[in-house]
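# Residue-level structure breakdown
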Amino acid sequence: MEFSFKIKINAEKKKIWEYYSDIEKWYVWEKDLKNISLTGKFETGSEGIMELEGMPPIKYSLISVTKNKEFWDKTDTPLGEIYFGHEIFENGDNISIKHTVKLESDIVDEKRTEFLKEIFLDVPESMLLLKKVVENEK
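Remember, it's a predicted structure, so these values are computed and weren't measured experimentally.

## Observations concerning the packing of helix α1 (residues 13-21) against helix α4 (residues 123-136)
Packing of α1 against α4 leaves a shortest axis separation of 10 Å and a crossing angle of 130°. By the angle between their axes, α1 is oblique relative to α4. Relative to α4, the crossing made by α1 is right-handed. For the pair α1 and α4, contact is made by Lys15, Ile16, Tyr19 and Tyr20 and by Leu130, Val133 and Val134, respectively. Considering only residue class, the contact of α1 with α4 consists of six nonpolar, no polar and one charged.

## Here's the deal with the layout of surface pockets
There is about 660 Å³ of room inside the largest pocket. Around the largest pocket, the lining is made up of 29 residues, and of these Asp32, Leu52, Met55, Phe84 and Ile119 lie nearest the centre. Secondary-structure elements contributing two or more residues to the lining of the largest pocket are α2 (26-29), β3 (47-52), β5 (70-77), β6 (80-91), β7 (94-104), α3 (110-120) and α4. No other element matches β5, which puts five residues into the lining of the largest pocket.

## Focus: the environment of Ile107
Looking at the element boundaries, Ile107 is found in the loop between β7 and α3. When its relative accessible area of 43% is taken as the criterion, Ile107 is described as partly exposed. Taking the C-alpha atoms as reference, Ile107 lies 8.6 Å from Gly80; in sequence the two are 27 residues apart.

## Examining unusual backbone geometry
Positive phi outside glycine occurs at Asn68, with the angle close to 60°. Tracing the backbone through its elements, the reader meets Asn68 in the loop between β4 (58-66) and β5. Classification of Asn68 by relative accessible area gives partly exposed; the value is 22%.

## Points about the nonpolar core
Counting 32 residues, the largest nonpolar core has Ile16, Tyr20, Trp26, Phe42, Phe71 and Ile97 as the members making the most contacts within it. Apart from residues lying up to four places away in sequence, Ile16 is in contact with Ile9, Ala11, Ile88, Ile95, Ile97 and Val134.

## A few points about α4
In this model α4 runs 20 Å from its N-terminal to its C-terminal C-alpha over 14 residues, within 8% of the 20 Å that 1.5 Å per residue would give. Buried residues of α4: Val123, Ser126, Met127, Leu130 and Val134, and no others. Looking straight down α4, one finds its buried side chains confined to an arc of 100°; they lie on one side. Facing away from the buried side of α4, by more than 90 degrees, are the exposed residues Lys132 and Asn136.

Analysis parameters
- Residues numbered from 1 in each chain as written.
- Predicted model: local features only at pLDDT ≥ 70, side-chain atom pairs only at ≥ 80, totals over all residues.
- Heavy atoms only, no water.
- Axes fitted to C-alpha atoms, helices over the stretch in contact; angles between N-to-C directions.
- Helix = DSSP H or I, 4+ residues; strand = E, 2+ residues; numbered from the N terminus.
- Parallel < 35°, antiparallel > 145°, perpendicular 65-115°, else oblique.
- Left-handed = near helix turned anticlockwise from the far one by under 90°.
- Contact = heavy atoms within 4.5 Å.
- Nonpolar A, V, L, I, M, F, W, Y, C, P; charged D, E, K, R; others polar.
- 1 Å grid on protein atoms, 1.4 Å probe; cavity = no way out; pocket = protein on both sides within 12 Å on 5 of 7 lines; lining within 4 Å.
- Points joined across faces, edges and corners; volume = space filled by probe spheres on them.
- Buried < 20%, exposed > 50% of the residue type's maximum accessible area, 1.4 Å probe, protein only.
- Core = buried A, V, L, I, M, F, W, Y, C linked by side-chain atoms within 4.5 Å.
- Expected span 1.5 Å × (residues − 1).
- Arc of directions from axis to C-beta.

Here you go:
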């Protein structure tokens, strides 16, 4: 199961990537982020811990990082594996970003669907925050 949201953004891929690859800049676009750490560089295989408002700290792993293009991270939960995708698309002069939240589980039920919906709820807002900051930065 997955949800995704894609928007156009008036900025260079390199500028968007700065807000993905520097976890300290996640505070700008992840409104409910309380704390985040990463062991090692922002590259495939690195792991960290993030804490969101009202939730205990959760471990995440960067499972795929391609500079100026995309990164995916994964978190294990009792309901299944959660994957978060952050992609940058270029089509001529147009740049878009797409964020995806995916739940992988052998069980598909209402509980897991509601869980995924709850996780995805903030994604459009966080993307609009990212868009605003990146487009207004000179």
